[in-house]
Amino acid sequence: MQSNKRARKELLIGYCFIIPAVVYMLLFIGYPIIYNWIISFQDVTAKTLGSSVRDIIGFNNYRAIFTNVTFRRALLNTFIYTVGCLVIQFSLGFLFAMFFTKKFKLSKPIRGFIIISWMLPVTVTALIFRFMFAEGNGIVNAILLNLGLISEPVGWLLQGGTAMLVLIIANSWVGIPFNMLLLTTGLNHIPEDIYEAASIDGATGIQKFFKITIPLLKPTIMSVLVLGFVLTFKVFDLVYVMTGGGPVDATEVLSTYSYKLSFQLFRFGEGAAVANVLFVCLFLVALVYLKTISKDEVI
Amino acid sequence: MKKVHFSQKQMSILLSILAILIAAVFLFPLYWIVVNSFKLDSEIFASVPTLWPKAFTLKAYQEQLSSLTITLKNSIIIAIGSMILSLCLSVPAAYGLARFKVKGMKLFILVFLITQMLPASLVLTPLFLIFSNLGILNTYLAPILSTATISIPFIVLMLRPGFLSMPKDLEDAARIDGCNVISAFLRVAIPIAKPTVITAACFSFVYAWNDLAYSMTFNTKESMRPMTSAIYTFMNQYGTKWNSIMAYGVLLILPCCIIFVTMQKHIVKGMTSGSVKG
């Protein structure tokens, strides 16, 4: 009886430790997300912002955005950007991870050091790349001109196609070390003796890579890709600071478009609707992610 | 064809040189911002960029000093406020999820896993309306409350494995000596977990310090702007004053760099456990 009471008291204390953080997240993320769905079915503009009674207009906001060319462009752009970033940062991150797991003197310090790009404010990263890819005095044009690869300066951020490319490069600069780090952890978990056994059996380096490394790394690869997708798909700061969605709407993505609708055009209902489309895309991918990690029994 | 064989030592040197080359190319953007912040405008606009300033000058920094006092203060208040708030909530939560067999544990962890993945841009519109109703737009509270949502799930997921692997005997011993649960947590568990808790503090500081979206949206008044949104506004106004922009950028990345260099090992470890496993 005594111990039972004690166990219950213990449990109660346990809840006291956990609940505040959970409630906080539900209050400041959970509730806004639900509220976002409500707004998206209402007529919320600068005029109706202050009033507590707003017209419910059904799917009008969604109809408005889906018939909007810029929205469709933004949706497509978000996917192009995400896939582009994933390809570059995953393949280079993998290459870096393979390289830095080799045992040599400077491997660890240098690997640790390049992770710094992940810690910097994205605002500053965006500014650096804007500066490097500037048309008149940018270092990238200077190098390419010097090497004879281009005959006149390129206005990287002034044309749609190249602006997207520069965004992908800038984001990959942040993403590569992150991918490298996670893949390194995975690589270190593969026991050395499997490789040794394969070597004795006469396996070549390429065979070892495809028959041992890739299959054993599969769970890590899965979670790196899904996590990378989520982190890239939600891009805001980088695009907002580097191109502002331009030129015209060539680099507009869902998050920047949602922001513009809400805070520059004050069409909050439509802004919320765009954010919800972003939410659905993320949610579907997050489900895949949760399924893969629960299979690995990490929770 | 003759295969060249290197001795192990030669190989190590060769790979190290290659690694230095990779790092040099990769970290060039960082070098570039620092170097250009010490140049004069005229040198930046020369047709051939110089890899090292011809005339080394602190002019760009001196120009920034006057405007810096307010934004720097704002950034510090927001980052420290957000750090304290998230630590107070997330460290106990991580401990609770590791130590007590509460019902709904999986659900709680799921809440943190999911909320961690949701971006700021998703909740900007509703939070703006909510904060507007609460009347806390253009106060420090708005960015502090919102940036804490970035670090809380991250810290919970990052600290829990550490608390799980910590031997329970020490706390039990303290309990027998008359400590209650809370003082066992504060006086035994936290001191043991000190390095990871400090790492968590660094992360939450950096997350709030780096934030642009929340601060820019909620605090539109100039006197309330942190450095991130100030540099953005500055750039749109004086888009060609690159040396000033770079100088401002250097000051903005300075705390991150200092934290990174001093805490590198712990940060690398925290990044993996906070963002992957959960």
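Let me sum up the structure you'll find in this document. Quantities reported herein were computed from a predicted structural model and do not represent experimental measurements.

Considering unusual backbone geometry
Residue and element names in this part refer to chain A. The backbone of Val248 shows a phi angle near 50°, a positive value even though the residue is not glycine. Inspection of the secondary structure puts Val248 in the loop between helix H11 (237–242) and helix H12 (254–263). Overall, Val248 belongs to the exposed group, with 10 C-beta atoms counted inside 10 Å. Despite not being glycine, Phe266 shows a phi value in the positive range, around 55°. For Phe266, the position within the fold is in the loop between H12 and helix H13 (268–295).

Considerations on the packing of helix H6 (residues 122–132) of chain A against helix H2 (residues 28–37) of chain B
Running from N to C, H6(A) and H2(B) cross one another at 85°; their axes reach a closest spacing of 10 Å. The angle between the axes of H6(A) and H2(B) places the two elements in the roughly perpendicular class. Touching Ile128(A), Phe129(A) and Met132(A) of H6(A) are Pro29(B), Trp32(B) and Ile33(B), all from H2(B). Across the contact of H6(A) with H2(B), the residue classes tally to six nonpolar, no polar and no charged.

Topic: H6(A)
In terms of burial, H6(A) is largely enclosed, as eleven of its eleven residues are buried. Within the span of H6(A), buried status applies to Val122(A), Thr123(A), Val124(A), Thr125(A), Ala126(A), Leu127(A), Ile128(A), Phe129(A), Arg130(A), Phe131(A) and Met132(A).

Quick word on the interface of chain A and chain B
Listed as interface residues are 73 residues of chain A and, on the opposing side, 78 residues of chain B. If you tally residues by element for the side of chain A that touches chain B, the top one is helix H1 (residues 2–40) of chain A, at 20 residues.

Here we look at the packing of H6(A) against helix H8 (residues 160–188) of chain A
Residue and element names in this part refer to chain A. Across the interface, H6 lies against H8 with an axial gap of 10 Å and an inter-helix angle of 135°. For the element pair H6 / H8, the angle class is oblique. Like other packed secondary-structure pairs, H6 and H8 cross with a definite hand, here right-handed. Residues Thr125, Ala126 and Phe129 of H6 lie in contact with H8, whose contacting residues are Val166, Ala170, Trp173 and Val174.

Cut-offs used in this document
Residues numbered from 1 in each chain as written. Chains lettered and ligands numbered in written order. Predicted model: local features only at pLDDT ≥ 70, side-chain atom pairs only at ≥ 80, totals over all residues. Helix = DSSP H or I, 4+ residues; strand = E, 2+ residues; numbered from the N terminus. Buried ≥ 20, exposed ≤ 12 C-beta atoms within 10 Å, placed from the backbone. Axes fitted to C-alpha atoms, helices over the stretch in contact; angles between N-to-C directions. Parallel < 35°, antiparallel > 145°, perpendicular 65-115°, else oblique. Contact = placed C-beta atoms within 7 Å. Nonpolar A, V, L, I, M, F, W, Y, C, P; charged D, E, K, R; others polar. Left-handed = near helix turned anticlockwise from the far one by under 90°.

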